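This is what each chain is made of:
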Amino acid sequence: MTWHLPGPSGLTAMVPCYNEIDCIDRCYTEIAREVDRYDDVEILFVDDGSSDGTLERIKAFAAQDDRVKYLSFSRNFGLEAAFTAGFKYASKGWTVQLDADLQSPPAEMHRLVERAREGYDVVFAIRRDRSDAWWRRAGTHAHQVIAAHLLGIEIPLGASVFRVVRTSVAHKIVETRMSTPYFLATAPLLGARYAVEPTDHSPRQGGSGKWRLHHLVMHAVELFVGFSYRPLMALEVTAATLSLALVLALLASLWVGSGPVQVLGAAALAGLLGLQAMTARYLIRVMRVQARTFPGFQVRESNIPVRPEEHLYGYEMQEQMSTHARDTVVVLGGGEDQIPAYREARRLGYRVVGVDLRPDCLGAQLADEFLAITTRDPDRIAGRLDHHRVAAVISPASDAAQEAVAALCDKLGTAHRVPEGAVRASVDKTAFHEVLRALGFATYPAVHGSDRETLRRDAGRLGLPVVVKPTDSSGSKGLTCVTDAAELDAAIVRALDGSPSRTVVIERLVAGSHHTAECFIVGGELAHAAITERTLTGVPHLNSISHVVPAALPEPIVVRVREMIAEVTAHLGLTDGPLNVDFVVTPQADIVLIEMGARLGGNGMPLLSREAFGLNTVEAALRLALGQTPDLRATRQQVAMLHILHVDREGTLIGVDGEQEVRARPEVRLLELFKRPGERVRPYTQANEKLGYLVIVAPTHDELRRVRDEVLATLRWQIAPDLIDLADADEVGEADPGPADAAALPTHPTRGGIPA
Ligand code: UDP
Ligand code: MG
């Protein structure tokens, strides 16, 4: 179960620590366990200049738990400076302050949180059976009572530093320092709504307390003089009375001679000197207020950004920031289609941070730094980028990551971002259909929803065959083309399971030839559009097998496709950037746009653009993301094919024969293999089961097909326990528009051709 607090979201557990080496491990373990039940958490340690190795332990926690943040002071500045810094740098909506020695049990924080839910800005813990020395208990009680009853200072009696505070209010409190960071008295002064809550209090769990009697005295004096005019007014009245008495005494001594009057005079003088001392105290405070440019602490090390005025080396760091401007590119996804972005970013001189849930993905080795985090969680990713000056965030080919790319670009203030509507139309099919409808373009019957029964009923009305898929998953994950009504339910279940939001779209399969337009928009114009002929695997998976450019389409169709794409981009306000659109041309020559992605295409599409047009679309996309002008001038126009290598059986790859022979052919421009001997290979039922890319060029489409067949016959995949000939792989040409009835759709391996 995760808990939500009212109002702002997230919880910072903040722990000031000074020489707590005996407690810090237990402290981290217990706090980490307790905060697990909240859904957006950081644990912020403020190391107050420890010299016993506490900081090293904190860094070790941070290395294995990315929720751990720390600030470390350049010397010991005291608990108040420590929590002041903690509240200032807490980044979640609520902050709970805890002691490193676990005197206030972390398990009790939930009670404070519960109270905060009732609508308070601050909930203070009151220690039940406080286990501190008698003089501490008596001292605290006495000075708080004096403050409250004699000096009229509003203060939550008995409150401790164990508290849950709305972070925005905490910021206010520590910034509105009445020249002293007396939290307990500042909160009511600002009108914060507060409550108190009794909690347990235990003896220190190791190490020794840092409180001494003089701390207590100074603390009390700061409260008295910092929050009340009454001592000052008493001073004024007493001084006036005494000086009057002194004048009277002098007059009297003139009158009656010396004696008791002299005594009176001396006493008055002594009193005045005493008052002088108090006045001096006030003057010291006034001076401090005036001289307060010093923030009360200096950070020497941290894993979060710190304002230069609060960091010992702040101005040096600021200098570095401006001279070495942003130097990091973040690439979301580490699969074969993101790899070119890693290479291009490095070639342009950037450091690369790669992000992918799979720690063994291809990108993990290519990145300067790799984060094994889901590409769908921009907050967690951002949390790990604190030390980087991020210039661009990019994710070629992945629709799943586009929302995170947009969120990260916003958070990190990078130069370029894709308009929100274009992101939505990329990740959400229903949003794309709305765009088509708004523009009056052909759509096809589709239903969507999350309820299995309703989906099955509605799908029945569409007629078969239908394509069942998650609305929000890419790479044909969870996709099935259903030709038999008996298989519909299983397909719906598979798609629901494959969808992070558990929503499924069921579409009538559009019969016709399949195509992709790999485009690049610059300044609102369609600067480049490679229109390909797409071949797919048969039912039920419909994965891409190859792309050929140029597509064998009549010129009026090509012109119309370009117009339609221009209308879509204008509608979405997509003025710059890559755009990948899948479409079908029906036997009646209607153009049906199937889906779009405001990103570079997958399936090796940029490799095809490079061979066919001499264009580096990856560099272009990267330059755009970096805020530079992309270069999209084609330097050639060639007939080219990209073929996706795959097999139809599961096993362990032993090796590939004929590789050298294939590479030696002049028509073969690229042969990229993703799997190494020893790795598992599986049938091509999902887009991520690709084994490699093959790019060939030839003068004609017929030539292309001939070369492709020869190459596939040469390449022999050795897969244990069987030897599989790639040329027998399951494949069918969809280029020939056939009738859309189930019988016409091949369900067994057939050799497909490319259109001449
Ligand atoms: N602390 C600190 N700086 C100091 C003294 C204490 O950050 O100069 C921290 C300490 O590590 C602990 C908390 O403040 O987490 C409370 O300190 P201590 O246990 O000494 O105080 P007590 O519980 O006796 O009030
Ligand atoms: Mg303590």
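See the structure above.
What you are looking at is a predicted structure, and each value in this text was computed from that prediction instead of being measured. (Residues numbered from 1 in each chain as written. Chains lettered and ligands numbered in written order. Predicted model: local features only at pLDDT ≥ 70, side-chain atom pairs only at ≥ 80, totals over all residues. Heavy atoms only, no water.)

Membership of the largest hydrophobic core comes to 39 residues, with the highest contact counts inside it found for Val329, Val331, Leu626 and Leu642. Elements with a minimum of two residues in this core: strand 9 (328-332), helix 12 (339-347), strand 12 (390-394), helix 21 (605-613), helix 22 (617-625), strand 22 (640-645) and strand 26 (692-697). Per element, the largest residue contribution to this core is six residues, and it comes from helix 22. Val329 has contacts with Ala345, Tyr350, Arg351, Val352, Val353, Ala392, Ile394, Leu622 and Leu626, leaving out every residue within four places of it along the chain. Listed in part, the 38 residues of the second largest apolar core include Val122, Ala159, Val165 and Ala185. (Core = buried A, V, L, I, M, F, W, Y, C linked by side-chain atoms within 4.5 Å. Buried < 20%, exposed > 50% of the residue type's maximum accessible area, 1.4 Å probe, protein only. Helix = DSSP H or I, 4+ residues; strand = E, 2+ residues; numbered from the N terminus. Contact = heavy atoms within 4.5 Å.)

Moving on to empty space enclosed by the protein. By the definition in use, this model includes three cavities of 30 Å³ or more. The volume enclosed by the largest cavity comes to roughly 260 Å³. Val393, Ile394, Val405, His416 and Val418 are the residues nearest the centre of the largest cavity, which is lined by 24 residues in total. Here the element with the most residues in the lining of the largest cavity is helix 15 (residues 402-412); it accounts for four residues. Residue composition of the lining of the largest cavity, by class: 16 nonpolar, five polar and three charged. (1 Å grid on protein atoms, 1.4 Å probe; cavity = no way out; pocket = protein on both sides within 12 Å on 5 of 7 lines; lining within 4 Å. Points joined across faces, edges and corners; volume = space filled by probe spheres on them. Nonpolar A, V, L, I, M, F, W, Y, C, P; charged D, E, K, R; others polar.)

Residue placement: Leu272 occurs in helix 10 (residues 260-290). Measuring from C-alpha to C-alpha, the distance between Leu272 and Leu235 comes to 9.8 Å, with 37 residues separating the pair along the chain. Those residues in contact with Leu272, other than ones at most four positions away along the chain, are Ala239, Leu242 and Leu246.

What follows covers the site of ligand 1. Contacts to ligand 1 come from 18 residues, most closely from Pro16, Glu20, Asp48, Asp101 and Gln103. Contact between ligand 1 and Glu20: an oxygen atom at 2.5 Å from a side-chain N or O atom of the residue. Measuring from an oxygen atom of ligand 1, one finds a backbone N or O atom of Ala100 at 2.8 Å. For ligand 1, whose accessible area on its own is 520 Å², the fraction buried by protein is 92%. (Near = heavy atom within 4 Å. Polar contact = N/O pair within 3.5 Å; in protein donor to acceptor, adjacent residues only side chain to side chain. Areas by Shrake-Rupley, 256 points an atom, 1.4 Å probe, with all protein chains shown as cover.)

The next thing to look at is the sheet that holds strand 1 (residues 11-17). If you trace the eight strands from one edge of the open sheet to the other, you get 7-5-6-4-1-2-3-8, paired in mixed fashion. In this open sheet, the two strands that pair with only one neighbour each are strand 7 (194-199) and strand 8 (299-302). Sheet twist, expressed as the average angle between the axes of neighbouring strands with direction ignored, equals 20°. Helix-sheet contacts for helix 4 (residues 109-117) involve strand 1, strand 4 (94-97), strand 5 (122-127), strand 6 (159-166) and strand 7, and the interaxial angle to strand 7 is about 150°. (Pairing = 2+ DSSP bridges. Axes fitted to C-alpha atoms, helices over the stretch in contact; angles between N-to-C directions.)

Here we come to unusual backbone geometry. Following Leu464, the chain continues to Pro465 via a peptide bond in cis, the omega torsion being -5°. Inspection of the secondary structure assignment puts Pro465 in the loop between helix 18 (452-460) and strand 14 (466-470). For Asn19, which is not glycine, the phi dihedral falls at a positive 45°. Looking at the element boundaries, Asn19 is found in the loop between strand 1 and helix 1 (24-35). One non-glycine residue with positive phi stands out, namely Arg502, at about 50°. Note on placement: Arg502 falls in the loop between helix 19 (488-498) and strand 16 (504-508).

On to the sheet that holds strand 26, then. With antiparallel pairing, the eight strands of this open sheet are ordered in space as 21-20-17-18-19-22-26-24. Only two strands of the sheet have a single partner each, and these edge strands are strand 21 (591-597) and strand 24 (668-673). Looking at each pair of strands side by side, their axes are set apart by 20° on average, direction ignored. With four bridges joining them, strand 19 (residues 544-549) and strand 22 adopt antiparallel strand pairing. Bridge pairing links His547 to Leu642 in strand 22. Contacting strand 17 (513-522) and strand 20 (577-585), helix 22 crosses the sheet at an angle of about 45° to strand 17.

The reference angle at a metal is 109.5 degrees if four donors form a tetrahedron and 90 or 180 degrees if six donors form an octahedron. At this site the magnesium ion (ligand 2) is bound by Asp101 (OD) and Gln103 (OE1), with donor distances of 1.9 Å. Judged by relative accessible area, which is 4%, Asp101 ranks as buried. Residue class for Gln103 comes out buried when judged on its relative accessible area of 10%. (Donors = N, O, S within 2.8 Å, 3.2 Å for Na, K, Ca; no water.)

Turning our eyes to something else, we now look at the pairing of strand 22. The element strand 22 is largely enclosed, with a buried count of six among its six residues. Burial along strand 22 is two-sided: the face carrying Ala640, Leu642 and Ile644 and the face carrying Met641, His643 and Leu645 are both buried. Where strand 22 lies against strand 26, six bridges are found, and the strand directions are antiparallel. By the bridge assignment for strand 26, Ile644 is matched with Tyr693.

Moving on: the side chain of Thr375. Relative to the helices and strands, Thr375 resides in the loop between strand 11 (369-371) and helix 14 (378-383). Under the relative-accessibility criterion, Thr375 is labelled buried at 14%.

We now examine the packing of helix 5 (residues 134-150) against helix 8 (residues 213-227). At a closest axis distance of 10 Å, the pairing of helix 5 and helix 8 adopts a crossing angle of 10°. On the basis of the axis angle, helix 5 is roughly parallel to helix 8. Where helix 5 abuts helix 8, its residues Trp135, Gly139, Thr140, His143, Ile146 and Ala147 lie against Leu213, Leu216, His219, Ala220, Leu223 and Phe224. Residue composition of the contact of helix 5 with helix 8, grouped by class: eight nonpolar, four polar and no charged. (Parallel < 35°, antiparallel > 145°, perpendicular 65-115°, else oblique.)

The next thing to look at is the pattern of salt bridges. One pass over the structure, following the stated rule, counts 60 salt bridges. A salt bridge links Asp25 to Arg57, with the shortest nitrogen-to-oxygen separation between them at 2.9 Å. With a gap of 32 residues between them, Asp25 in helix 1 and Arg57 in helix 2 (residues 54-64) connect regions that are remote in the sequence. Overall, the relative accessible area of 34% leaves Asp25 in the partly exposed class. What makes Arg57 partly exposed here is its relative accessible area of 30%. Note that Arg307 is salt-bridged to Glu310, the shortest N-O span being 3.4 Å. Taking relative accessible area as the criterion, Glu310 reaches 3% and is therefore assigned buried. Three or more residues joined by partner-sharing salt bridges are found here, namely Glu108, Arg111, Arg115, Glu118 and Glu197. (Salt bridge = Lys/Arg side-chain N within 4 Å of Asp/Glu carboxyl O.)

The next thing to look at is the state of the cysteines. Taken as a whole and judged by the stated rule, the model has zero disulfides. Just so you know, Cys17 is unpaired, no disulfide at all, and the nearest cysteine sulfur is the one on Cys27, 6.1 Å from it. Under the relative-accessibility criterion, Cys17 is labelled buried at 1%. The cysteine Cys361 is free of any disulfide, with Cys409 supplying the nearest cysteine sulfur at 20 Å. Residue class for Cys361 comes out buried when judged on its relative accessible area of 5%. (Disulfide = S-S within 2.5 Å.)

Applying the stated criterion to the full structure yields 11 aromatic pairs. When the centroid spacing of 6.0 Å and the interplanar angle of 70° are considered together, the rings of Phe83 and Phe87 count as edge-to-face. Placement of both Phe83 and Phe87 in helix 3 (residues 79-89) is noted, with a separation of four residues, approximately one turn of the helix. Take Phe83 and Phe87: they sit in the same class, and that class is buried. Among the aromatic side chains, those forming a connected cluster through ring pairs are Phe83, Phe87, Phe124, Phe183 and Tyr194. Cation over ring: Arg163 sits above Phe83, and NZ or CZ is 4.7 Å from the ring centre. When the ring centre of Phe183 is taken as reference, the NZ or CZ atom of Arg163 above it lies at 4.1 Å. (Phe/Tyr/Trp six-rings, centres within 6.5 Å; stacked < 30°, edge-to-face > 60°. Lys NZ or Arg CZ within 6 Å of the ring centre and 35° of its normal.)

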